[in-house]
Amino acid sequence: LGMRANHNSAYLACTGQYMAWLDGDDLMLPERIKKQVAVMESNPTCVVCIHNIEVFDSNSGKVLKYYYDLKDHFPRQIRGVEQFVQYGGYAPGPGRMFRLSACPPQGFDARISNTCDFLFLIETALKGEIKYIPEVLGRYRIHGQNVTITMGNNPVDSLTTLALVENKYLHLWRYT
């Protein structure tokens, strides 16, 4: 169906309290769900829980980087969506858990395809806190068929997403 339609189909079928994302080419480490649920359960105002991601080459298995630098690049305590945007404003698929009740009821925006998850994350994060687990609990695979690679980080999608965020949430732009 394509990324957006697949995401919406899965999202609209969710009935639980939390939703954790895992695209078919990524990996979830064994303790991921348990640790993210524990953070969400102990923080009722937390609407998004993210963790560090190991980015690796599919062919060689070599670790290319950690999504959030393990040193000081990403803060261990996030004060809000503004700070999240300031430090990159994105969380890769295998690292996200959402409180379903805070998610946009319409799902992913139909006007954009491969960057629709950014707007979804921002709209959810505006309804509460983002918590970060500074631990690698997932792996993001780099290969020749990644959506962001095959679509060339679609500039039309990126510009549409940025325009939608700017129009709806102008106050976030000072943090980019």
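This text follows the structure it describes.
Residues numbered from 1 in each chain as written. Predicted model: local features only at pLDDT ≥ 70, side-chain atom pairs only at ≥ 80, totals over all residues. Heavy atoms only, no water.

A. Region of the structure containing the environment of L29. Relative to the helices and strands, L29 resides in the loop between β2 (27-28) and α2 (32-42). Residue class for L29 comes out partly exposed when judged on its relative accessible area of 28%. L29 sits 107 residues away from V136 along the chain, and the two C-alpha atoms are 8.1 Å apart. If we skip the residues at most four places from it in the chain, L29 touches V136, L137, G138 and R139. (Helix = DSSP H or I, 4+ residues; strand = E, 2+ residues; numbered from the N terminus. Buried < 20%, exposed > 50% of the residue type's maximum accessible area, 1.4 Å probe, protein only. Contact = heavy atoms within 4.5 Å.)

B. Structural view of the nonpolar core. Grouped together as the largest cluster of nonpolar side chains are 25 residues, with contacts concentrated most on Y11, M19, I50 and F84. Of all elements in the fold, only β3 (46-57), α3 (81-86), α4 (116-125) and β6 (129-142) reach the threshold of two or more residues within this core. Ranked by residues supplied to this core, first place goes to α4 with five residues. Look past the residues within four positions of Y11 in its chain and what remains in contact with it is M19, W21, L100, C103, P104, P105, G107, F108 and F120. (Core = buried A, V, L, I, M, F, W, Y, C linked by side-chain atoms within 4.5 Å.)

C. Looking closely at the pattern of salt bridges. Enumeration according to the criterion identifies three salt bridges in this entry. For the salt bridge of E54 with R139, the shortest nitrogen-to-oxygen distance reads 2.5 Å. In this pair, E54 sits in strand β3 while R139 sits in strand β6, placing the two residues 85 residues apart along the sequence. Both residues of the pair, E54 and R139, count as buried. (Salt bridge = Lys/Arg side-chain N within 4 Å of Asp/Glu carboxyl O.)

D. Geometry of the side chain of R139. Residue classification places R139 among the buried positions, given a relative accessible area of 19%. Among the polar contacts made by the side chain of R139, one reaches the side chain of E54 at a distance of 2.5 Å. Excluding residues within four positions of it along the chain, R139 makes contact with D26, L27, L29, I53, E54, F56, G61 and P94. (Polar contact = N/O pair within 3.5 Å; in protein donor to acceptor, adjacent residues only side chain to side chain.)

E. Structural detail: the pairing of β3. In terms of burial, β3 is a largely internal element, 11 of the 12 residues being buried. Pairing of β3 with β6 involves 11 bridges; the strand directions are parallel. Within the sheet, the bridge partner assigned to F56 lies in β6 and is R141. Bridge count for β3 against strand β5 (residues 96-99) is three bridges, and the pairing is antiparallel. By the bridge assignment, I50 is partnered in β5 with R96. Here β3 pairs with strand β4 (residues 63-66) via three bridges, running antiparallel. Its bridge partner being in β4, F56 is matched across the sheet by V63. (Pairing = 2+ DSSP bridges.)

Keep in mind these values describe shape, not function.
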